[in-house]
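# Residue-level structural notes
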Number of protein chains: 2
Amino acid sequence: MNATNFHGTSFIGYQRGAQHGKSQQAFNPATGQALPWQYFHCSDTEREKALALADAAFIPFQNSRPEQRAELLEAIANNLAAQESLIIDIATQETGLPSVRIKNELARTCFQLRHFATLIREGKCFDKRIDAADNARTPPKPELRAVKLAVGPVTVFGASNFPLAFSVAGGDTASALAAGCPVIVKAHSLHPFTAEIVAGVISATLKQQGWPEGVFSMLYGAGTETGKALVQDARIKAVGFTGSESGGRALQRYASERQHPIPVFAEMSSLNPVFLFPHALDELSDEIAGALAASICNGVGQFCTKPGLLIAPRGVALDRCLEKLNALLTAQQPAPMLSQQGAKHFATAITAVKAHANTVTHEGKVEAAYASPFLLTVDAQAFMKRPELQTEMFGPAALVIVADHETQFGDISNVLNGQLTATVWQTEHDAEAVANLLPRIQNNAGRIVFNGVPTGVEVSHAMVHGGPSPATSDARFTSVGAMAIDRFLRPVCFQNTPTHLLPEILRDK
Amino acid sequence: MNATNFHGTSFIGYQRGAQHGKSQQAFNPATGQALPWQYFHCSDTEREKALALADAAFIPFQNSRPEQRAELLEAIANNLAAQESLIIDIATQETGLPSVRIKNELARTCFQLRHFATLIREGKCFDKRIDAADNARTPPKPELRAVKLAVGPVTVFGASNFPLAFSVAGGDTASALAAGCPVIVKAHSLHPFTAEIVAGVISATLKQQGWPEGVFSMLYGAGTETGKALVQDARIKAVGFTGSESGGRALQRYASERQHPIPVFAEMSSLNPVFLFPHALDELSDEIAGALAASICNGVGQFCTKPGLLIAPRGVALDRCLEKLNALLTAQQPAPMLSQQGAKHFATAITAVKAHANTVTHEGKVEAAYASPFLLTVDAQAFMKRPELQTEMFGPAALVIVADHETQFGDISNVLNGQLTATVWQTEHDAEAVANLLPRIQNNAGRIVFNGVPTGVEVSHAMVHGGPSPATSDARFTSVGAMAIDRFLRPVCFQNTPTHLLPEILRDK
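Because the structure is predicted, anything quoted here is derived from the model rather than measured.

### What to know about the overall build of chain A
- For chain A, the count of helices and strands is 14 helices and 22 strands.
- In terms of C-alpha radius of gyration, chain A reaches 24 Å, essentially the compact-globule figure of 23 Å for 509 residues.
- Here the C-alpha coordinates of chain A stretch approximately 75 × 70 × 40 Å along the principal axes.
- When burial is assessed residue by residue, chain A has 62% of its 509 residues classed as buried.
- At a minimum sequence separation of 6, the contacts of chain A that also span at least 24 residues come to 75%.
- Accessible surface computed for chain A: about 17,800 Å², of which carbon and sulfur atoms make up 50%.
- Positive and negative side-chain charges in chain A, numbering 42 and 46 respectively, have mean positions lying 7 Å apart.

Written out as structure tokens, the structure reads:
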């Protein structure tokens, strides 16, 4: 495939949709120019066909051997990696993100696919359990064997800010396929042709390996139309989403309106508070400022784990740290955000926070899709009184909350909404104050980071990219790391079942 | 404690509520007479105090050592067992259930408490995970340690049909306390004084062991008032419920209306289809009829796992089996259901199903709270056209679905709502037909039973008492067995965290 033969239509199993109906172009946010390709929203008939295919593919795919699915995931990873130069070419144009970022994100995407391949080969995620029969008991105790099985066809929504790692072949798709769930992706409108390349790779790999065609489809369309129809269709059994709080809440509402509601895992909104304890501020001021400046500006601030709240006690140590941070932010060139609309949302959020924040510590700028960083400041009392100050500024910006003393951190953390992460900068001399705060923040965030930054979410066994509402829709799950597969598995128990009728994984070897 | 000193007021931590406000009496459904004790709905102030205490108790309870909580659960079990004669005396009067049932249910309740004690001592349920740091990597890989922690205070709704095992000290409470969640129970109005005895035991045990008083409260009040207020309070982080579909759906709606929705695990409604394959019908006719008659009538049919749909191919084998079943049902004496209102609901459901079922195979009777069993029959075509025939008849009744041939079982199972269980009676000669059906029913039920009955839910590692909607609100969980604790735990990841600040369970030994 190359950029000259984009088709711009949905992937309906192994077929492509028609080039008619509503069409759209993608834009290069760095130039503001439309890109020279058109894509077409799927028709109702195409969506229906994708759903019917997913439904038909479910039972064979669910009951395929994990080893086969592992080989599928690895082949997708290999075939994606082989398209690196085309993906970089198109994704950089669609997102304005630099080549190195796309290159790294592609590597992460391939790593995720391989990670889930390893996990399902190893098999612990299927949580096999066997209770032996006991015929001597009154009443006799039956033999029980349980295993976690795929929940059914899953709808995945591509994320604006990760054209690869949280989109067509991203973590949601990888974990759903690993579980044994067919996937219908709703492509994101900000990177439709990156989506076409990736969907083409998945589709070709499936076909080559001889899988039922409904294992994967990818639809173009609006979230409120195609997306809503997918979430409300009885054949879809779970939803994965990464995006805005309003988007995630809409999907939850759609799902709850069904005759039989289904779980929606929505990763939505997080301010990622950073608590700066006094001894750390004293001793690590430069390191903190450097780490935060890089983390706030990374990806032009468009990460769900961007540190958006810096909480510190008033004093010269904080002043020195902010001075340094200020200088680093000033050195940042304006950079293109993912879209002009995103930049506009960012500017609106900045205005909303400014209305209640005392001081603009660093004045940034938003022009067309370009943004340079903002740093706003408010005192702790005002922050605790104003829920508006918890507006997510999705871009290169943070709000400094100046406390009278670190003993106020607990009260501040008590008013915070649920978070993906909370970060603590401390030295051993802060130990007691940190120990007092920790039990509060561990109940309000999925991951606690020490002396580091929350951006950079490892794909590993122990990762939790989750947290209480509104960070996600269900704090009991994660969308990154090994446990992400749990979203798409459910336990089934087999009682006194003849061996040949058990799922293969439950049979005695 | 004895029956002469019932107080009839809520348990607000270690305090008791006031004897004023709306009062109610309980009834003995077997006699239709009011019992001689009054209980009082809690006031808003009392509810608020219980919530504040639970909130205050959460962090210390969450961070208590599993060993301590295991000792708590075992002491509650021992102290409950010591009240056996009083519990049997009062619970039989409140529920009309026979002594032997209450005795067994108390034993089950104590077993559940001890089972969770064993589980948290062993610790696997906390799913500890450690990813080592790798400083040689670019960028350096952080150390990640994850563990599952209690979600927060939990509201548990007592179930009408299990005055002990799914009520004040039932599986929801046991698993929530095991997880480290304070519990506020909303007592069920059908067994308020059994509830008072059990709450008294829990409260006294907690106090004796020196736990913060908010670890447990029990409130009397209406589901639409006290229950709703609890579910919608920001301090409550999860809900456990066993009861009707309308009740469970109301709780889900309450929870979704919160600013920050919380998970509701509602175990609601199940018809528990039983598929009778031809060779089994031929060879095991008497055994099937005997097992089904006992299972349908057990607990006067008021079990969520009562077999409510019997699906079989037309023919002499089925006729013979039904004749035998009919005779066994005829031999059943009318028995008191849990309440007159419950009996009325049962009669209404029977009428609704009769309106579309061709034949009354066995005519039962409902009079005051007493019911004798019903067996209705419909042909498969009619069943598949009429969703009304999936009305749950919560009492001693089943609907026989007569198929033309066992190859129709797949189509029938495709129209069925989600179920807690599905049962298969088969012999080796039915193997192929069973293998064809199995993939469908495993996706529509939490437990598949072979040549047995679905009633009798083992408390064990591999048990799944769950299933797709409307059987439960989330098929990824179970309310019975070891995995029930997962409902009340969430993973938290600690990144580069100094050892002394880690939860004890995550520290290197």
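### What to know about unusual backbone geometry
- Cis rather than trans, the peptide bond between Thr138 of chain A and Pro139 of chain A has omega equal to -10°.
- In this fold, Pro139 of chain A is placed in the loop between β5 (129–131) and β6 (144–150).
- The residue after Ser469 of chain B, namely Pro470 of chain B, is reached through a cis peptide bond having omega 5°.
- Relative to the helices and strands, Pro470 of chain B is located in the loop between β21 (445–450) and β22 (489–495).
- A positive phi angle is found at Asn272 of chain B, which is not glycine, with a value near 50°.
- The backbone of Val300 of chain B shows a phi angle near 50°, a positive value even though the residue is not glycine.
- With relative accessibility at 10%, the residue Val300 of chain B sits in the buried group.

### Digging into the confidence of the model for chain A
- Of the residues in chain A, 100% reach a pLDDT of 70 or more, and the chain-wide mean stands at 97.
- The ipTM value of the predicted complex is 0.98, and its pTM value is 0.98.

### Brief notes about empty space enclosed by the protein
All names here are of chain B.
- Taken as a whole and assessed by the stated rule, the structure comprises seven cavities of 30 Å³ or more.
- Considered as a void within the structure, the largest cavity measures approximately 70 Å³ in volume.
- Among the residues forming the lining of the largest cavity, the class breakdown is six nonpolar, four polar and two charged.
- Along its surface, the second largest cavity is lined by Ser270, Leu271, Lys306, Gly308, Leu309, Leu389, Thr391, Glu392, Met393 and Ala397.

### What about the domain arrangement of chain A?
Residues and elements named next belong to chain A.
- Partitioning chain A into domains gives domain 1 (11–24 + 37–268 + 472–503) and domain 2 (273–450).
- When each unit is reduced to the centre of its C-alpha atoms, the spacing between domain 1 and domain 2 is 34 Å.
- Listed as interface residues are 12 residues of domain 1 and, on the opposing side, 11 residues of domain 2.
- Here domain 1 and domain 2 share an interface that buries about 870 Å² over both sides, 65% of which is from carbon and sulfur atoms.
- When the area that domain 1 buries against domain 2 is broken down by residue, the three leading residues are Asn161, Leu190 and Glu267, summing to 41%.
- Where domain 1 packs against domain 2, one counts zero salt bridges.
- Of the residues belonging to the side of domain 1 that touches domain 2, the class tally is four nonpolar, five polar and three charged.

### Some points on the pairing of strand β7 (residues 154–157) of chain A
Residue and element names in this part refer to chain A.
- Side chains Val154 and Val156 project from β7 onto one buried face, and the interleaved Thr155 and Phe157 project onto a second face that is buried too.
- Examined bridge by bridge, β7 and strand β8 (residues 183–186) share four bridges and lie parallel to one another. Its bridge partner being in β8, Val156 is matched across the sheet by Val185.
- You can see the chain leave β7, run along helix α5 (residues 171–179) and come back into β8, and the turn it takes is right-handed.
- As paired elements, β7 and strand β10 (residues 238–242) share three bridges and run parallel to each other. Looking across to β10, one finds that Val156 is bridged to Gly240.

### Examining the sheet that holds strand β14 (residues 335–336) of chain B
Residue and element names in this part refer to chain B.
- Strand order across the open sheet formed by three strands is β14-β17-β16, with antiparallel pairing between neighbours. Each of the sheet's edge strands pairs with one partner strand only, and the pair in question is β14 and β16 (365–367).
- By the bridge criterion, three bridges tie β16 to strand β17 (residues 370–372) in an arrangement that is antiparallel. The partner of Val366 across the bridge, within β17, is Ala371.

### Re the UniProt feature "domain: Aldehyde dehydrogenase" (unreviewed entry) in chain A
- The feature "domain: Aldehyde dehydrogenase" (unreviewed entry), as given by UniProt, occupies residues 22–467 of chain A in the numbering adopted here.
- Its end C-alpha atoms 38 Å apart, residues 22–467 of chain A is made of 44% helix and 21% strand.

### Quick word on the packing of aromatic side chains
- All chains considered together, the criterion is met by 25 aromatic pairs over all chains.
- Between Phe6 of chain B and Phe193 of chain B, the ring centres sit 4.9 Å apart and the planes meet at 35°, which makes this aromatic pair tilted. With Phe6 of chain B in the segment before β1 (11–12) and Phe193 of chain B in helix α6 (residues 192–209), this residue pair connects regions lying 187 residues apart in the sequence.
- Judged by relative accessible area, Phe193 of chain B falls into the buried class, the value being 0%.
- A cation over an aromatic ring shows up here: Arg101 of chain A above the ring of Phe162 of chain A, its NZ or CZ 5.0 Å from the ring centre.

### Some details on the pattern of salt bridges
- Taken as a whole and judged by the stated rule, the model has 45 salt bridges over all chains.
- Close ionic contact of Arg121 of chain B with Glu74 of chain B constitutes a salt bridge, the shortest N to O distance being 2.8 Å. A residue pair is termed long-range when its members are at least 10 positions apart, and Arg121 of chain B in helix α4 (residues 99–122) and Glu74 of chain B in helix α2 (residues 66–81) qualify at 47 residues.
- Take Arg121 of chain B: its relative accessible area is 37%, and that puts it in the partly exposed class.
- A single salt-bridge network, built from bridges that share partners, covers Asp474 and Arg476 of chain A together with Asp474 and Arg476 of chain B.

### Description of the relation of the copies chain B and chain A
- Take chain B, turn it by 180°, move it 0.0 Å along the axis, and it overlays chain A with an RMSD of 0.0 Å. What we have between these two chains is a two-fold relation. For chain B, the residue whose C-alpha comes nearest the rotation axis is Ser256 of chain B, separated from it by 4.3 Å.

### Focus on the interface of chain B and chain A
- Residue-level contacts link 71 residues of chain B with 72 residues of chain A.
- Taken together, the two surfaces of chain B and chain A that pack against each other cover about 5,600 Å², and 55% of this comes from carbon and sulfur.
- Viewed at the interface, chain A and chain B are joined by three salt bridges.
- Arg137 of chain B is paired through a salt bridge with Glu458 of chain A; the nearest N and O atoms lie 2.4 Å apart.
- For the pair chain B and chain A, the number of links is 38 residue pairs in polar contact (both at pLDDT 80 or more).
- Class assignment of the residues belonging to the side of chain B that touches chain A gives a composition of 37 nonpolar, 17 polar and 17 charged.

### Regarding helix α7 (residues 223–232) of chain A
All names here are of chain A.
- Here α7 has its buried residues at Thr226, Gly227, Leu230 and Val231. Viewed along the axis of α7, the buried residues span an arc of 130°, placing them on a single side of the element. Counted as exposed and oriented over 90 degrees from the buried face of α7: Thr224 and Glu225.
- On its buried face, α7 sits against α1 (44–62), β7, β8, β9 (216–219), β10 and α8 (245–257).

### Some thoughts on the sheet that holds β21 of chain B
- The strand order across the open sheet built from 10 strands is β5(A)-β6(A)-β22(A)-β21(B)-β20(B)-β12(B)-β13(B)-β19(B)-β18(B)-β15(B), with neighbouring strands paired in mixed fashion. Edge positions in the open sheet fall to β5 of chain A together with β15 (359–362) of chain B, since each of these has one partner strand only. Neighbour-to-neighbour, the strand axes of the sheet open up by a mean angle of 25°, direction not taken into account.
- Inspection of the sheet shows strand β12 (residues 273–276) of chain B paired to strand β20 (residues 419–425) of chain B by three bridges, in the parallel sense. Within the sheet, the bridge partner assigned to Val274 of chain B lies in β20 of chain B and is Thr423 of chain B.

### Some remarks on the environment of Glu84 of chain B
All names here are of chain B.
- Relative to the elements of secondary structure, Glu84 occurs in helix α3 (residues 84–95).
- Along the chain, Glu84 and Ala107 lie 23 residues apart, while their C-alpha atoms are 9.1 Å from each other.
- Excluding its chain neighbours within four sequence positions, the residues that come into contact with Glu84 are Lys103 and Leu106.

Cut-offs applied
Residues numbered from 1 in each chain as written. Chains lettered and ligands numbered in written order. Predicted model: local features only at pLDDT ≥ 70, side-chain atom pairs only at ≥ 80, totals over all residues. Heavy atoms only, no water. Helix = DSSP H or I, 4+ residues; strand = E, 2+ residues; numbered from the N terminus. Rg over C-alpha atoms; globule rule 2.2 N^0.38 Å. Buried < 20%, exposed > 50% of the residue type's maximum accessible area, 1.4 Å probe, protein only. Contact = heavy atoms within 4.5 Å. Areas by Shrake-Rupley, 256 points an atom, 1.4 Å probe, with all protein chains shown as cover. Lys, Arg positive; Asp, Glu negative; His and termini not counted. Charge placed at Lys NZ, Arg CZ, Asp CG, Glu CD. pLDDT = per-residue confidence, 0-100. 1 Å grid on protein atoms, 1.4 Å probe; cavity = no way out; pocket = protein on both sides within 12 Å on 5 of 7 lines; lining within 4 Å. Points joined across faces, edges and corners; volume = space filled by probe spheres on them. Nonpolar A, V, L, I, M, F, W, Y, C, P; charged D, E, K, R; others polar. Domains from an automatic or database assignment. Buried area = accessible area lost by both parts, 1.4 Å probe. Salt bridge = Lys/Arg side-chain N within 4 Å of Asp/Glu carboxyl O. Pairing = 2+ DSSP bridges. Right-handed = clockwise from strand over helix to strand, strands pointing away. UniProt positions renumbered as here; feature names shortened; annotations may be inferred. Phe/Tyr/Trp six-rings, centres within 6.5 Å; stacked < 30°, edge-to-face > 60°. Lys NZ or Arg CZ within 6 Å of the ring centre and 35° of its normal. Least-squares fit on C-alpha atoms with pLDDT ≥ 70 in both. Polar contact = N/O pair within 3.5 Å; in protein donor to acceptor, adjacent residues only side chain to side chain. Arc of directions from axis to C-beta. Axes fitted to C-alpha atoms, helices over the stretch in contact; angles between N-to-C directions.

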